[in-house]
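Each chain is listed here by its residues.
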Amino acid sequence: GRYGDALELIMGGLPLPDSVCRVCDRPCEAACVRAGVDEPVAISDLKRFVMDWAGIQDEFPYRPEVGPANGMSVAVVGAGPAGLAASHELAMRGYQVRLYDSNDEPRGLLRAGIPDYRLPPEMLERDIQRILDLGVRFKGGRRLGADLSLSELLEANDAVLVAIGAGKEITLNLPGDGPEVVSSLSFLDHDSYPSDDGGP
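Source: prediction; values computed, not measured.

### As for the overall build of the chain
From N to C terminus, the chain includes nine helices and four strands. Sequence-ordered secondary structure for the chain, helices as α and strands as β, is α-α-α-α-β-α-β-α-α-β-α-β-α. For the chain, the spread of C-alpha atoms along the principal axes amounts to about 60 × 50 × 35 Å. For the chain, the proportion of its 200 residues judged to be buried stands at 32%. Considering only intrachain contacts with a sequence separation of at least 6, the fraction spanning at least 24 residues in the chain is 70%. Surface summary for the chain: the accessible area is close to 12400 Å², and the carbon and sulfur share equals 54%. Side chains of the chain carry 19 positive and 32 negative charges; the gap between the two charge centres is 4 Å.

### A look at helix α5 (residues 81-92)
The end-to-end C-alpha distance of α5 is 16 Å, a good match for the 16 Å that twelve residues give at a rise of 1.5 Å each. Those residues of α5 that sit buried are G83, L84, A86, S87, H88, L90, A91 and M92. Those residues of α5 that are buried lie in contact with β1 (73-77), β2 (96-100), α7 (121-132) and β4 (159-162). At the exit of α5 stands G94, carrying a positive phi of roughly 90°.

### Considerations on the pattern of salt bridges
This structure, assessed with the given rule, holds 13 salt bridges. The salt bridge partner of D45 is R26, with a shortest N-O separation of 2.9 Å. With D45 in helix α4 (residues 43-55) and R26 in the loop between α2 (17-23) and α3 (27-30), the pair connects residues that are 19 residues apart, well separated along the chain. In this structure D45 comes out as partly exposed when scored by relative accessible area, which is 39%. The residue E152 makes a salt bridge to R142 at a minimum N-O spacing of 3.5 Å. Placement of the pair is E152 in helix α8 (residues 150-156) and R142 in the loop between β3 (137-139) and α8, with a sequence separation of ten residues. Residues joined in a network through salt bridges with shared partners are D18, R22, R48, D52, R126, D127 and R130.

### Considerations on the sheet that holds β1
With parallel pairing, four strands are arranged side by side in an open sheet as β3-β2-β1-β4. One side of each edge strand has no neighbouring strand; the edge strands of this open sheet are β3 and β4. Here the strands of the sheet are splayed against their neighbours by 20° on average, with no regard to which way each runs. As paired strands, β1 and β4 are joined by four bridges and run parallel to one another. Paired with V76 across the strands is L161, a residue of β4.

### Focus: the environment of Q96
On the secondary structure map, Q96 appears in strand β2. Setting aside residues no more than four positions away along its own chain, Q96 makes contact with M72, S73, V74 and R137. Only 3.1 Å separates the side chain of Q96 from the side chain of R98, close enough to count as a polar contact.

### Digging into the environment of V76
Its location among the elements puts V76 in strand β1. The class for V76 is buried, based on a relative accessible area of 0%. Measuring from C-alpha to C-alpha, the distance between V76 and A86 comes to 7.7 Å, with ten residues separating the pair along the chain. Not counting residues up to four positions away in its chain, the partners in contact with V76 are G83, S87, L90, V97, R98, L99, Y100 and L161.

Reading guide: rules and limits
Residues numbered from 1 in each chain as written. Predicted model: local features only at pLDDT ≥ 70, side-chain atom pairs only at ≥ 80, totals over all residues. Heavy atoms only, no water. Helix = DSSP H or I, 4+ residues; strand = E, 2+ residues; numbered from the N terminus. Buried < 20%, exposed > 50% of the residue type's maximum accessible area, 1.4 Å probe, protein only. Contact = heavy atoms within 4.5 Å. Areas by Shrake-Rupley, 256 points an atom, 1.4 Å probe, with all protein chains shown as cover. Lys, Arg positive; Asp, Glu negative; His and termini not counted. Charge placed at Lys NZ, Arg CZ, Asp CG, Glu CD. Expected span 1.5 Å × (residues − 1). Salt bridge = Lys/Arg side-chain N within 4 Å of Asp/Glu carboxyl O. Pairing = 2+ DSSP bridges. Axes fitted to C-alpha atoms, helices over the stretch in contact; angles between N-to-C directions. Polar contact = N/O pair within 3.5 Å; in protein donor to acceptor, adjacent residues only side chain to side chain.

Written out as structure tokens, the structure is:
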């Protein structure tokens, strides 16, 4: 029943808790020592329960202790899970964070590569908004090497973190004149491959 304490423990070590508790394949549960006694601790389900409980409160019942501003700024390029997590950690340590992405909104493969039934968009949005609320400034529609240069970022910031992710997919390169082959990430990306009815 100590849901507030559980929330503090979860939020203290997990920048994207609403997303992770829905998409993690739970490798720790397979290795849990409790399995030798009765059954593994269902840690992912427990985290999801606490995050769902927190989400229905009148006010989110956890306020992180952000470190004092240290006067330094960091540019983070890539607003997928790695860039979002890094932005969270940097902001918590008092850095001014500017988060860049080629998309108009932070998302990365969390949004483009995971279907809605597994990770509902509103859960991902809750995680992202908590990070932005730490003072992280997001600048979308900027692509490194196109309209954003590394030298420009280095000149304007104390450090740059490039977290552009692993979004390159493997293709089959099948010969012949068969039907159109759609790559897995293109198929899952709601914005680039709409369904027949025009919806995601």
